[in-house]
Amino acid sequence: MEALAEEAMRTRLFPGLGFRGDDARRRPWVIGTGLDVWELCQLLAEAESIESLAAEMELAERHLQLALAYRERYADEIADAIAENARPAAEWHELYPFVRTPTPA
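The rules we used
- Residues numbered from 1 in each chain as written.
- Predicted model: local features only at pLDDT ≥ 70, side-chain atom pairs only at ≥ 80, totals over all residues.
- Heavy atoms only, no water.
- Core = buried A, V, L, I, M, F, W, Y, C linked by side-chain atoms within 4.5 Å.
- Buried < 20%, exposed > 50% of the residue type's maximum accessible area, 1.4 Å probe, protein only.
- Helix = DSSP H or I, 4+ residues; strand = E, 2+ residues; numbered from the N terminus.
- Pairing = 2+ DSSP bridges.
- Contact = heavy atoms within 4.5 Å.
- Axes fitted to C-alpha atoms, helices over the stretch in contact; angles between N-to-C directions.
- Parallel < 35°, antiparallel > 145°, perpendicular 65-115°, else oblique.
- Left-handed = near helix turned anticlockwise from the far one by under 90°.
- Nonpolar A, V, L, I, M, F, W, Y, C, P; charged D, E, K, R; others polar.
- Expected span 1.5 Å × (residues − 1).
- Patch = residues over 30% accessible without salt bridge, like charges linked within 9 Å, V, L, I, M, F, W, Y side chains within 5 Å.
- Areas by Shrake-Rupley, 256 points an atom, 1.4 Å probe, with all protein chains shown as cover.
- Salt bridge = Lys/Arg side-chain N within 4 Å of Asp/Glu carboxyl O.

Visitor: Please explain the nonpolar core as it appears in this structure.
Guide: Within soluble globular proteins, side chains that are nonpolar tend to cluster in buried spots. Counting 21 residues, the largest nonpolar core has Val37, Leu40, Leu64 and Tyr70 as the members making the most contacts within it. When residues of this core are traced back to their parent elements, those giving at least two are β1 (17–20), α2 (37–46), α3 (50–57) and α4 (61–73).

Here is the structure:
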C-alpha cells in the first residue's frame, strides 16, 4: 500500500508520468513515449541537444523535459537503472545462463 501511495505522489509531482512493471520492479515511464524515464535520460546523455533528440525520435520536448525533471529529483534511482542496463554481456550471461543470444554473422 505504501508503494502505491509513493507512486501516486510522484505522478502528482510529475504529470505525464506513469509506473509499470511487476510489483517488485515498478519503474517510471513517460506516458505517450513508450519509454522508461531512464531510457530517455540515457538517450539525452548521448544526444547533441533536447531539440535534436526530440526531432530524431519524434518526441515532444516536454516529454524529455519531464524525464530530466524526474532524474533531477530521483537521480540515484535513474543512475541505478542506467547502470543495470549497461552490464556487460558476460555478467548478464552469468545471471541468466539459459538465455542464448545470437552470434553476429
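Visitor: Can you help me understand the pairing of strand β2 (residues 27–30) in this one?
Guide: Alternating residues of β2 divide into Pro28 and Val30, all buried, and Arg27 and Trp29, none buried. Two elements, β1 and β2, share four bridges in a ladder whose sense is antiparallel. Looking at the pairing, Gly18 lines up with Trp29 of β2. Count of turn residues in the β1/β2 antiparallel hairpin: six residues, of which Gly21 carries a positive phi of about 110 degrees. Hairpin connection between β2 and strand β3 (residues 35–36): a loop of four residues separates the two successive antiparallel strands, and Gly32 in this loop has a positive phi of roughly 95 degrees.

Visitor: Help me out: how do you make sense of the environment of Trp92 in this one?
Guide: Tracing the chain through its elements places Trp92 in helix α6 (residues 89–95). Excluding anything up to four places from it in sequence, Trp92 contacts Glu84, Asn85 and Arg87.

Visitor: Can you walk me through the packing of α3 against α4 in this structure?
Guide: What describes two packed helices is the angle between their axes and the distance between those same axes. Packing of α3 against α4 brings their axes to within 9 Å, and their N-to-C directions diverge by 125 degrees. Between α3 and α4, the angle falls in the class oblique. Two packed elements cross with a definite hand, and for α3 against α4 that hand is right-handed. Counted together, Ile50, Glu51, Leu53 and Ala54 of α3 and Glu61, Leu64, Gln65 and Leu68 of α4 form the full contact between these two elements. Per-class residue counts for the contact of α3 with α4 are five nonpolar, one polar and two charged.

Visitor: Help me understand α4 in this model?
Guide: Count 3.6 residues to each turn of an α-helix, and residues three or four apart come out pointing the same way. For α4, which comprises 13 residues, the first-to-last C-alpha distance of 19 Å matches the rise-based estimate of 18 Å (1.5 Å per residue) to within 8%. Of all the positions in α4, only His63, Leu64, Leu66, Ala67, Leu68 and Tyr70 are classed as buried.

Visitor: What is the right way to read a nonpolar patch on the surface from this model?
Guide: A cluster of nonpolar side chains, Leu95, Tyr96, Phe98 and Val99, forms an exposed patch at the surface whose accessible area comes to about 410 Å². Examined against the element boundaries, Phe98 turns out to sit in the segment after α6. Here Phe98 falls in the exposed class, since its relative accessible area comes to 62%.

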